[in-house]
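Letter by letter, the chains look like this.
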Amino acid sequence: MALAVILALGAALSYGVSDFFGGTAATRLRVIPTTLISYGAGTVAYAVLVLLTGGQWSIEVVFWGAIAGVAAVLGFVTFYAAMAVGPMSLVSPLIAVISAGIPVAAAVALGERLTAWAWLGVVLALLAAVLISAQPRKGGRRLSMRAAVLSVVSAVSLGSAVIALDRAPIESASISGLVEIGLGVALLGVVWLIGRLIAPAGRSLANLGGPVTGAGTPARNVMLAVAAGVLLALANAALIAALQSGSLAIVSVLVGLYPIATLLLARVLGGERMTPVQLTGAALAVAASAILGLSLAG
C-alpha cells in the first residue's frame, strides 16, 4: 500500500506540472494542436518505457486500453480547452475533485466501503466545487459557464479513463497505457485532419478554448506542449503502477492532489489571483482529496 501511495503522489506531481505546461501552450497554439503535440511526445516517451519494462499483450488489455484512450482524449481536449479559457487556478481543482470522485463512486459500487472520514471528504469536495464556481462581485477572474461545462466533461472523461485502466490485467504492466495514449494520437490526428479539410469545422475546433491570448514564441509553446506530453507519459506510467499495487479509490483520490502543483505554478509564473471565497474553495478541493486518501488508506 505504501508503494501505491508514493506512486500515486508521483503521478499527481507529474500531472500537475504537465497540466500547467499544456494549459499555457494551449492559450497560444490552440487546443487540438497542443493536445496532438503533447500526445505525440507522450507516446514516444511511453513506448520507450514499455520497451524497458515489458508486459503481456492480450485482447483484454487492448480493450480496456482502448476504452481508456477514447475517454482520455475527450478528457484532455476539454481539459486544455477549459485551462485555456481559465483561470487555471480555479479550473484545475474543480476538475480534480470531480475526476477523483468518479473512480471513488465506482469503487464503492464494486464493494469498497467508505468510512465517516471519507464521507466528510466527499462533502468537502462538493462544497469546494460550489465555492470554486462562485462568481466574484468585484475583481478577480470568474469561472465562465463555458469553462464550467468543459471542466465537468473533462473530469467525467478522465475519471472514466482511470476506471478503465484499473480493469486491465496486472500482467499487462504498462501496456494498457501505451494502447491508451497511442489510440489518443490516432484519434487526435483524425480530428486535426478533418479540421484541415473542412474549414468551418476546423475553425470551430481551433476556437474551442477561446481566443489566442498566450505569450511567447511558437517554438517556446511547442516545447511546453512537448514537455507536457513527456510528463503525461510519466504520470500515466506511475498511475498504472499504483493501480496495480493499490486500491482504485485510494489511488484516484491521491492523484487528485495534482492541482497543488498547477496552482503553485499558476500563481508564481502565471500571476493569477483568486478571491478569498474561490481561494477557500481551491484549498478545500485539495483538503478533500487528502482526507479521502488518508481515510481510505487507513
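Residues numbered from 1 in each chain as written. Predicted model: local features only at pLDDT ≥ 70, side-chain atom pairs only at ≥ 80, totals over all residues. Heavy atoms only, no water.

## Points about the overall build of the chain
Working step 1: When its secondary structure is counted, the chain shows 12 helices and zero strands.
Working step 2: Burial status across the chain gives 51% buried among its 298 residues.
Working step 3: At a minimum sequence separation of 6, the contacts of the chain that also span at least 24 residues come to 92%.
Working step 4: Total accessible area on the chain is roughly 12,800 Å²; 73% of this is exposed by carbon and sulfur atoms. (Helix = DSSP H or I, 4+ residues; strand = E, 2+ residues; numbered from the N terminus. Buried < 20%, exposed > 50% of the residue type's maximum accessible area, 1.4 Å probe, protein only. Contact = heavy atoms within 4.5 Å. Areas by Shrake-Rupley, 256 points an atom, 1.4 Å probe, with all protein chains shown as cover.)

## Some points on the environment of Ala-242
Working step 1: Mapped onto the elements, Ala-242 comes out in helix α9 (residues 218–245).
Working step 2: Relative accessible area serves as the criterion here: at 0%, Ala-242 is assigned to the buried category.
Working step 3: In this structure the C-alpha to C-alpha distance between Ala-242 and Leu-3, which are 239 residues apart in sequence, comes to 7.3 Å.
Working step 4: In contact with Ala-242, not counting residues within four places along its chain, are Ala-4, Leu-7, Ala-8 and Val-251.

## Regarding empty space enclosed by the protein
Working step 1: All chains considered together, the criterion is met by two cavities of 30 Å³ or more.
Working step 2: Volume-wise, the largest cavity comes out at about 280 Å³.
Working step 3: Of all the elements in the fold, those that place two or more residues in the lining of the largest cavity are α1 (2–29), α3 (59–85), α4 (88–109), α6 (145–167), α9 and α10 (248–255). (1 Å grid on protein atoms, 1.4 Å probe; cavity = no way out; pocket = protein on both sides within 12 Å on 5 of 7 lines; lining within 4 Å. Points joined across faces, edges and corners; volume = space filled by probe spheres on them.)

## Concerning the packing of helix α2 (residues 31–53) against α9
Packed helices, taken two at a time, are described by the angle their axes make and the gap between the axes.
Working step 1: Closest axis-to-axis distance for the α2/α9 pair is 7 Å, and the angle between their directions is 45 degrees. With respect to each other, α2 and α9 are oriented oblique. Every pair of crossing elements has a handedness; the one defined by α2 and α9 is right-handed. Residues Thr-34, Ile-37, Ser-38, Tyr-39, Ala-41, Gly-42, Ala-45, Tyr-46 and Leu-49 of α2 form the contact with α9, whose own contacting residues are Val-222, Ala-225, Val-226, Ala-228, Gly-229, Val-230, Leu-232, Ala-233, Leu-234, Asn-236, Ala-237 and Ile-240.
Working step 2: In terms of residue class, the contact of α2 with α9 is made up of 16 nonpolar, five polar and no charged. (Axes fitted to C-alpha atoms, helices over the stretch in contact; angles between N-to-C directions. Parallel < 35°, antiparallel > 145°, perpendicular 65-115°, else oblique. Left-handed = near helix turned anticlockwise from the far one by under 90°. Nonpolar A, V, L, I, M, F, W, Y, C, P; charged D, E, K, R; others polar.)

## Structural notes on the nonpolar core
Working step 1: Membership of the largest hydrophobic core comes to 83 residues, with the highest contact counts inside it found for Tyr-15, Tyr-39, Tyr-46, Ile-95 and Leu-239.
Working step 2: The element best represented in this core is α3, accounting for 14 residues. (Core = buried A, V, L, I, M, F, W, Y, C linked by side-chain atoms within 4.5 Å.)

## Section: the environment of Ala-282
Working step 1: One can find Ala-282 in helix α12 (residues 276–297).
Working step 2: Between the C-alpha atom of Ala-282 and that of Ile-260, which follows or precedes it by 22 residues, the distance is 9.3 Å.

## Thoughts on the side chain of Ser-18
Working step 1: Here Ser-18 lies in helix α1.
Working step 2: On the basis of relative accessible area, Ser-18 is assigned to the buried category, the value being 1%.

## A few points about the packing of aromatic side chains
Working step 1: What the rule picks out here adds up to three aromatic pairs.
Working step 2: Seen from their ring centres, Tyr-39 and Phe-76 are 5.9 Å apart, and the 75 degrees between their planes marks the pair as edge-to-face. Pair noted here: Tyr-39 is in helix α2 and Phe-76 is in helix α3, with a separation of 37 residues, a long-range link. (Phe/Tyr/Trp six-rings, centres within 6.5 Å; stacked < 30°, edge-to-face > 60°.)

## Observations regarding the environment of Pro-259
Working step 1: Mapped onto the elements, Pro-259 comes out in helix α11 (residues 259–268).
Working step 2: For the pair Pro-259 and Ile-95, spaced 164 residues apart in the sequence, the C-alpha separation amounts to 9.0 Å.
Working step 3: What Pro-259 contacts, discounting residues up to four positions off in sequence, is Ser-92, Pro-93 and Ala-96.

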